[in-house]
Amino acid sequence: MITTNYHADGICVIEPQFDRLTAANAEGFKTEVLALIQEGRTRFVIDFAGVSMVDSSGIGALVGLLKRVGNRGEIAISALSDNVAQIFRITRMDRVFKIFPDRQGALLSMDA
Amino acid sequence: MLVRSFRIAARIAEVDPLILRLMVVAEPMMGADRLLSVELAAIEALTNVVLHGCAGQLDATIDVEILANPDGLSLSITDPGVPMPECFFENAADLDQIDPGAESGRGLAMIKACADVVIYTRMADQNRLTLTFYNERPS
């Protein structure tokens, strides 16, 4: 469901391997990322390039992950499509998550 | 005017494929700036029916109709599940009122935010949720 690659300083870049994060797969997505957190990973960039839809279940999964990371780390979101960016605005998630136009911008922000 | 009707089993795996078929029908009927609202409200409504209304009803089916209106479209979702409490939609929180840290509970608020008119009725043993979307949102 996801692929991961690891950047300098242990930042984990997560690439969802689906184009829709909805009730059908949100729990599975969350479970896979939780496993990374349980391994000790605390800094993530979730690259949404290729994801065209996120519903409330997907939003809930992302919030749950952010809460699990807590103060120990951070989660940045990158490459939202126009539609998904709109969904983040509608649900006020643009005030909850750090959002970047692309992966590189997210990584640079976290490296700073 | 009825444009298309669909029937799916009340299973979560059926929702996304139906949504994609719905949007193919809806696309010529709505402006591009309103299509996301249609899609999002439909996903949330159908997911709600499957996970809550029809939970445990293994053989339940959900009927979805797209109806053309002079200034937009309506989606009508009919299911045999547990009815919602009276005024459930009217009393549902708006998105501004939902704790940003909440991991659930946004679905109804998202429906209300996306649809211009939300009508829920119970007739015989069927629930019917009708969502209306205008091309020009009332100010």
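Residues numbered from 1 in each chain as written. Chains lettered and ligands numbered in written order. Predicted model: local features only at pLDDT ≥ 70, side-chain atom pairs only at ≥ 80, totals over all residues. Heavy atoms only, no water.

*Asks:* I'm lost on the sheet that holds strand β2 (residues 61–69) of chain B in this one. Help?
*Replies:* Sheet strands pair by backbone hydrogen bonding; their relative direction is either parallel or antiparallel. Residues and elements named next belong to chain B. Pairing within the open sheet is antiparallel, and its 5 strands lie in the order β1-β2-β3-β5-β4. Either end of the sheet is taken by a strand with one partner, and the two such strands are β1 (2–9) and β4 (117–123). The sheet shows a mean angle of 15° between the axes of neighbouring strands, taken without regard to direction. Bridge count between β2 and strand β3 (residues 72–79): 7 bridges; the pairing is antiparallel. Bridge pairing in β3 places A68 opposite L73. (Pairing = 2+ DSSP bridges. Helix = DSSP H or I, 4+ residues; strand = E, 2+ residues; numbered from the N terminus. Axes fitted to C-alpha atoms, helices over the stretch in contact; angles between N-to-C directions.)

*Asks:* Explain the side chain of A:K30 here, please?
*Replies:* Within the secondary structure layout, A:K30 lies in helix α1 (residues 26–38). For A:K30, a relative accessible area of 15% puts it in the buried group. Residue contacts for A:K30: discarding those within four places in its chain leaves A:A61, A:G64, A:L65 and B:E103. (Buried < 20%, exposed > 50% of the residue type's maximum accessible area, 1.4 Å probe, protein only. Contact = heavy atoms within 4.5 Å.)

*Asks:* Even after reading the chapter, I still don't get the environment of A:L80, so can you show me in this structure?
*Replies:* Position of A:L80 among the secondary structure elements: in the loop between β6 (74–78) and α3 (82–90). The spacing of A:L80 and A:E32 is 48 residues in sequence and 21 Å in space, taken between C-alpha atoms.

*Asks:* Would you mind showing me how to read helix α2 (residues 32–53) of chain B here?
*Replies:* Every α-helical turn comprises 3.6 residues, leaving residues that sit three or four positions apart pointing alike. Taking 1.5 Å of rise per residue, the 22 residues of α2(B) would be expected to cover 32 Å, and the 31 Å separating its terminal C-alpha atoms lies within 8% of that figure. The buried fraction of α2(B) is high, at 17 of 22 residues. (Expected span 1.5 Å × (residues − 1).)

*Asks:* Help me understand the pairing of strand β1 (residues 2–6) of chain A in this model?
*Replies:* The two faces of the sheet receive side chains in turn, since in a regular strand these alternate between them. Residue and element names in this part refer to chain A. In this structure, β1 lies alongside strand β2 (residues 12–16), joined through 5 bridges in antiparallel fashion. Bridging across to β2, I2 finds its partner in P16. Two successive antiparallel strands, β1 and β2, enclose a turn made up of 5 residues, where D9 displays a positive phi of approximately 65°.

*Asks:* How should I be thinking about the nonpolar core in this particular structure?
*Replies:* Nonpolar side chains tend toward joint burial in soluble globular proteins. Of all hydrophobic cores here, the largest spans 49 residues; its most connected members are B:L22, B:L46, B:I62 and B:F133. Going through the elements one at a time, α3 of chain A together with β1, α1 (12–26), α2, β2, β3, α4 (107–114) and β5 (126–134) of chain B are the ones with two or more residues in this core. Counting residues per element, this core draws most heavily on α2(B), at 11 residues. The contact partners of B:L22, leaving out residues within four places of it in the chain, are B:F6, B:A42, B:L46, B:V64, B:I66 and B:L75. In this structure, A:L21, A:F29, A:L34 and A:V54 belong to the second largest nonpolar core, which totals 30 residues. (Core = buried A, V, L, I, M, F, W, Y, C linked by side-chain atoms within 4.5 Å.)

*Asks:* What is the right way to look at the layout of surface pockets in this model?
*Replies:* A probe matching the size of a water molecule, rolled over the atoms, marks out where space remains unfilled. In this structure, the largest pocket encloses a volume near 460 Å³. Together, 23 residues line the largest pocket, and A:S56, A:S57, B:E103, B:S104 and B:G105 are the ones closest to its centre. Sorting elements by how many residues they give to the lining of the largest pocket places α2(B) first, with 5 residues. Taken together, the residues of the lining of the largest pocket sort by class into 9 nonpolar, 9 polar and 5 charged. Lining the second largest pocket are 17 residues, with B:N48, B:H52, B:G53, B:V82 and B:M84 positioned closest to its centre. With 5 residues, the top contributor of residues to the lining of the second largest pocket is α2(B). The residue makeup of the lining of the second largest pocket, split by class, is 12 nonpolar, 4 polar and 1 charged. (1 Å grid on protein atoms, 1.4 Å probe; cavity = no way out; pocket = protein on both sides within 12 Å on 5 of 7 lines; lining within 4 Å. Points joined across faces, edges and corners; volume = space filled by probe spheres on them. Nonpolar A, V, L, I, M, F, W, Y, C, P; charged D, E, K, R; others polar.)

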